[in-house]
Amino acid sequence: MILAEERAEVCAYARRMTADGLVVGTSGNVSVRAGDRVAVTPTGVDYDTLTAADIPVVALDGTVVAGDLKPTSELPMHLTVYNEAADPDGKPVTAVVHTHSVYATAVSTLVNEVPPIHYMLAAIGPTARVARYATYGTERLAKAMLEALDERRGCLLANHGTITYGDGPGAAYHRAQQLEWVCQLWLLARSAGSPSLLPPAEIEHVVEKLRGYGQ
């Protein structure tokens, strides 16, 4: 079975999205790239029942090369990330996570960028933009997303959800979690008053610090 490891990872992270409350039902999707092939969640299938063999594999032009199920309707966004997005540090882009997480989606209806309430916003970049609204599954949405991703590792999608990427599904998923947490924090603080925000220079400083973070 081609891309056996990547297809298994897609299953695991799709189920984790549901368990962590980042999606409901069959919403949201995950993909993992290996070379010129991409393993991606199928459309309209309960993630709890997925097996590696159920995961479609597509070429970078969207042609299905393995699997019997139809790929996610958001395939244009995933392929746009792989074909056109560039990590600010030049790292490989080998995984994409798209969520319908509640707090981030709520924030996407209120602002054009996620307010700098916490330094972990830097996991995405100097800011996290909100891509303008477009109908799901369309090239128009993929184009709006790409604009919002410029020099960023993720963004919000207006009235829709989030998308993040990384070198491996762990990195992409971690950024989706951090983005949701920052949005939750801002909404909680905002509900109680007028939160103080970090200056842009501090976020940019943390972006630099994170480049050397970890083992």
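Residues numbered from 1 in each chain as written. Predicted model: local features only at pLDDT ≥ 70, side-chain atom pairs only at ≥ 80, totals over all residues. Heavy atoms only, no water.

Participant: So what exactly am I meant to see when it comes to the environment of Ala-171 here?
Facilitator: With respect to the secondary-structure elements, Ala-171 resides in helix α5 (residues 169–192). A relative accessible area of 25% places Ala-171 in the partly exposed class. In this structure the C-alpha to C-alpha distance between Ala-171 and Val-97, which are 74 residues apart in sequence, comes to 9.6 Å. (Helix = DSSP H or I, 4+ residues; strand = E, 2+ residues; numbered from the N terminus. Buried < 20%, exposed > 50% of the residue type's maximum accessible area, 1.4 Å probe, protein only.)

Participant: Would you mind showing me how to read the environment of Ile-203 here?
Facilitator: Along the chain, Ile-203 turns up in helix α6 (residues 200–210). For the pair formed by Ile-203 and Ala-122, sequence separation is 81 residues and the distance between their alpha carbons is 5.9 Å. Ignoring sequence-local partners within four residues, the contact set of Ile-203 consists of Pro-116, His-118, Tyr-119, Ala-122, Gly-125, Pro-126 and Leu-198. (Contact = heavy atoms within 4.5 Å.)

Participant: Can you walk me through the pattern of salt bridges in this structure?
Facilitator: Under the defined criterion, the tally for this structure stands at 5 salt bridges. Among the salt bridges present, the one from Asp-89 reaches Arg-153, with a minimum N-O distance of 2.8 Å. Taken as a pair, Asp-89 in the loop between α2 (75–84) and β5 (95–99) and Arg-153 in the loop between α4 (139–148) and β7 (154–157) lie far apart in primary sequence, 64 residues in all. Among the residues examined, Arg-153 registers a relative accessible area of 8% and is labelled buried. Three or more residues joined by partner-sharing salt bridges are found here, namely Asp-87, Asp-89 and Arg-153. (Salt bridge = Lys/Arg side-chain N within 4 Å of Asp/Glu carboxyl O.)

Participant: Just checking my understanding: could you explain the side chain of Ser-31 for this structure?
Facilitator: Position of Ser-31 relative to the elements: it lies in strand β1 (residues 29–34). Among the residues examined, Ser-31 registers a relative accessible area of 0% and is labelled buried. Only 2.7 Å separates the side chain of Ser-31 from the side chain of His-78, close enough to count as a polar contact. Looking at Ser-31, its side chain comes within polar contact range of the side chain of Tyr-82, at 2.7 Å. If we ignore the near neighbours within four places in the chain, the residues touching Ser-31 are Val-10, Val-38, Ala-39, Val-40, His-78, Tyr-82, Thr-94, Ala-95 and Val-96. (Polar contact = N/O pair within 3.5 Å; in protein donor to acceptor, adjacent residues only side chain to side chain.)

Participant: Looking at this structure, how should I read the sheet that holds β7?
Facilitator: In sheet architecture, strand pairing relies on hydrogen bonds along the backbone and comes in two forms, parallel and antiparallel. The 8 strands lie next to each other as β4-β3-β2-β1-β5-β8-β7-β6, forming an open sheet whose pairing is mixed. The open sheet is flanked by β4 (64–66) and β6 (130–131), the only strands paired with a single partner. With 4 bridges joining them, β7 and strand β8 (residues 161–166) adopt antiparallel strand pairing. What sits directly across from Cys-155, in β8, is Ile-163. Relative to the sheet, helix α1 (residues 4–19) contacts β1, β2 (37–40), β3 (57–59), β4 and β5, its axis offset from that of β1 by approximately 155 degrees. (Pairing = 2+ DSSP bridges. Axes fitted to C-alpha atoms, helices over the stretch in contact; angles between N-to-C directions.)

Participant: Could you clarify how one ought to interpret the layout of surface pockets in this entry?
Facilitator: It is a probe the size of a water molecule, rolled over the atoms, that shows where empty space is left. In this structure, the largest pocket encloses a volume near 410 Å³. In terms of lining, the largest pocket is formed by 16 residues, of which the most central are Lys-91, Ala-123, His-174, Arg-175 and Leu-210. The set of elements that each furnish at least two residues to the lining of the largest pocket consists of α5 and α6. For the lining of the largest pocket, the leading source of residues is α5, giving 3 residues. Among the residues forming the lining of the largest pocket, the class breakdown is 7 nonpolar, 2 polar and 7 charged. (1 Å grid on protein atoms, 1.4 Å probe; cavity = no way out; pocket = protein on both sides within 12 Å on 5 of 7 lines; lining within 4 Å. Points joined across faces, edges and corners; volume = space filled by probe spheres on them. Nonpolar A, V, L, I, M, F, W, Y, C, P; charged D, E, K, R; others polar.)

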